[in-house]
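# Understanding the architecture of this molecule
Here's the letter readout for the chains.
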Amino acid sequence: REHLKRKLRGNWDKVPLLNAVRNPEEIEAGSLVRFRCMVQNVFNREFYIGQVQKKEAAGMLSCKFRDSLPSNAEGFPDYR
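## A word on the confidence of the model for the protein chain
With 92% of its residues at a pLDDT of 70 or more, the protein chain shows a mean pLDDT of 80. Mean pLDDT in the protein chain bottoms out at strand 3 (residues 73-75), which sits at 74, and peaks at helix 1 (residues 2-8), which reaches 83.

In structure tokens:
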């Protein structure tokens, strides 16, 4: 946290505000963005797929903080 504060000192306005972008696809995947929102309690739990298998390679891809699957995702892990 302290490292991030030092790096952004005086540069906070250079970090794109996601709410102000007309087309979110213009922001490169994995980029640092700011997002203004309201946080509230949710009564029902929300689930997401934590990881998926890679296409044509061994290993897994993280799905954390994504709205869609990575383009090189093969399929879902079997959680049965």
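## Structural notes on the pattern of salt bridges
For the structure on display, the rule yields 1 salt bridge. The residue Glu2 makes a salt bridge to Lys5 at a minimum N-O spacing of 3.9 Å. Placement of both Glu2 and Lys5 in helix 1 is noted, with a separation of 3 residues, approximately one turn of the helix. In this structure Lys5 comes out as partly exposed when scored by relative accessible area, which is 44%.

## Thoughts on the environment of Pro70
Relative to the helices and strands, Pro70 is located in the loop between strand 2 (60-62) and strand 3. Sequence separation between Pro70 and Met38 is 32 residues; the distance between their C-alpha atoms is 27 Å. Excluding its chain neighbours within four sequence positions, the residues that come into contact with Pro70 are Val52, Leu61, Ser62 and Cys63.

## Considerations on the side chain of Arg34
Within the secondary structure, Arg34 is located in the loop between helix 1 and strand 1 (51-54). One buried charged side chain, Arg34, makes no salt bridge at all; its nearest oppositely charged neighbour is Asp13, positioned 4.6 Å away. Only 2.9 Å separates the side chain of Arg34 from the backbone oxygen of Val15, close enough to count as a polar contact. Once residues within four sequence positions are removed from consideration, Arg34 is found in contact with Trp12, Asp13, Val15, Pro16, Leu17, Leu18 and Asn19.

Cut-off values and rules
- Residues numbered from 1 in each chain as written.
- Predicted model: local features only at pLDDT ≥ 70, side-chain atom pairs only at ≥ 80, totals over all residues.
- Heavy atoms only, no water.
- pLDDT = per-residue confidence, 0-100.
- Helix = DSSP H or I, 4+ residues; strand = E, 2+ residues; numbered from the N terminus.
- Salt bridge = Lys/Arg side-chain N within 4 Å of Asp/Glu carboxyl O.
- Buried < 20%, exposed > 50% of the residue type's maximum accessible area, 1.4 Å probe, protein only.
- Contact = heavy atoms within 4.5 Å.
- Lys, Arg positive; Asp, Glu negative; His and termini not counted.
- Polar contact = N/O pair within 3.5 Å; in protein donor to acceptor, adjacent residues only side chain to side chain.

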